[in-house]
Amino acid sequence: MNAHEIDYHIYGEEMQYVEIELDPQEVVIAEAGGFMMMEDGIKMETIFGDGSQQQQAGFMGKLLSAGKRVLTGESLFMTAFQNQASGKKKVSFAAPYPGKIIAIDLKAYHGKFICQKDAFLCAAKGVSVGIEFSKKIGRALFGGEGFIMQKIEGDGMAFVHSGGTLAKKELASGEIMRIDTGCVVGYTQDIDFDIEMVGGVKNTIFGGEGMFYATLRGPGTVFIQSLPFSRLAGRILANAPQNGGGKEEGSVLGGVGRLLNGDNF
């Protein structure tokens, strides 16, 4: 598997985008909806699956590749951007919500990286985007992201997105880290990923942190996000006005509450 060798630059701090420089005939693949802008001379084409075997596989092979992506909640299709000009051209992809874009050199991780199903943003053509099933029933039932995650394989560059601030942890052999299940962005293939109960009746019922930890055992590298999108969306929904009114309506304070919390300033 020989992926195209692409150059890139990541811009921004909390609302990032990645600019990829393509040599003539080089291609980058991306999730639908991630495109931001491109220079003249780049052609966009919708393809089945990730395009890693577009030339070798027949129709059924392409359909199988695309069908695997449906299991992770992604579209049947991806978008390929090819530089058809005689010189170098640039195309950019934006992160879907505040956070950090992570550049993953698959050669540095022995050709495989496992991540959340919605973390993948784009990659050099030749990189395969598939599914990773958990063999452990605990992780399958209580893993937050379920027992299906994405695996990115190949020898090229791939880019994934995390929410909020990013932490990168290098775990030694046998070293264990417990993480909120939604905060795990991705990890290398040597990491042993499992689920562990928080423990204690008070912690479980009243702790407000859920019933389970993600337990990751080294050796390997783990990327952790401070703000999973599910947590952000939950807070927004919890504070959204109900039936056209504010969340304080019906309470004793009513409008006074809105004054006290600063919403009207």
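Residue positions are given per chain, counted from 1 along the sequence in the order it is written. Local features are withheld for residues below a pLDDT of 70 in this predicted model, meaning they are given only at 70 or higher, and side-chain atom pairs are given and counted only at 80 or more; totals for whole chains, interfaces and linings count all residues. Values shown for side chains rest on all heavy atoms present in the structure; no hydrogens or waters enter the calculation.

1. Comments concerning the sheet that holds strand β15 (residues 176-180)
For step 1, the next point in the chain: Here the rule is simple: two strands pair whenever DSSP picks up at least two bridges between them. Numbering of helices and strands runs from the N terminus, with a helix taken as a DSSP run of H or I at least four residues long and a strand as a DSSP run of E at least two residues long. Ordered by their spatial adjacency, three strands build an open sheet running β15-β18-β17, and the pairing between neighbours is antiparallel. Taken across any chain shown, the strands that pair with only one partner, and hence form the sheet edges, are β15 and β17 (192-197). Across the sheet, the axes of successive neighbouring strands diverge by a mean angle of 30 degrees, strand direction being ignored.
For step 2, the next point in the chain: In the sheet, β17 pairs with strand β18 (residues 212-217) via six bridges, with the strands oriented antiparallel. Within the sheet, the bridge partner assigned to Asp194 lies in β18 and is Thr215. Every axis in this analysis is a line fitted to C-alpha atoms, fitted for helices over the stretch in contact. Angles between the N-to-C directions lie between 0 and 180 degrees.

2. Observations concerning the environment of Gly99
For step 1, the next point in the chain: Looking at the secondary structure, you find Gly99 in strand β8 (residues 99-105).
For step 2, the next point in the chain: Residues Gly99 and Gln16, 83 residues apart in the sequence, show an inter-C-alpha distance of 7.2 Å.
For step 3, the next point in the chain: When residues no more than four places from it in sequence are discounted, the contact partners of Gly99 are Glu13, Glu14, Gln16, His161, Ser162, Gly163 and Gly164. We call two residues in contact when some of their heavy atoms are within 4.5 Å.

3. Details of the environment of Met177
For step 1, the next point in the chain: Along the polypeptide, Met177 turns up in strand β15.
For step 2, the next point in the chain: Taking the C-alpha atoms as reference points, Met177 and Tyr213, separated by 36 residues in sequence, lie 9.5 Å from one another.
For step 3, the next point in the chain: With residues near it in sequence (within four places) discarded, Met177 still touches Lys169, Leu171, Ala214, Thr215, Leu216 and Ile224.

4. Observations concerning the nonpolar core
For step 1, the next point in the chain: Membership of the largest hydrophobic core comes to 39 residues, with the highest contact counts inside it found for Ile20, Phe93 and Cys122.
For step 2, the next point in the chain: In terms of residue count, strand β10 (residues 120-124) provides more of this core than any other element does, five residues in total.
For step 3, the next point in the chain: Not counting residues up to four positions away in its chain, the partners in contact with Phe93 are Tyr17, Val18, Ile20, Val28, Ala30, Gly34, Phe35, Met36, Phe81, Ile101, Leu121 and Cys122.
For step 4, the next point in the chain: Only buried residues count toward a nonpolar core. Its members are Ala, Val, Leu, Ile, Met, Phe, Trp, Tyr and Cys residues joined through side-chain atoms within 4.5 Å. Any residue under 20% of the maximum accessible area for its type is buried, any over 50% is exposed, and the rest in between are partly exposed; the area is computed with a 1.4 Å probe on protein chains only. In terms of nonpolar packing, the next biggest core, distinct from the first, is built from 15 residues, Ile191, Ile195, Ala214 and Leu216 among them.

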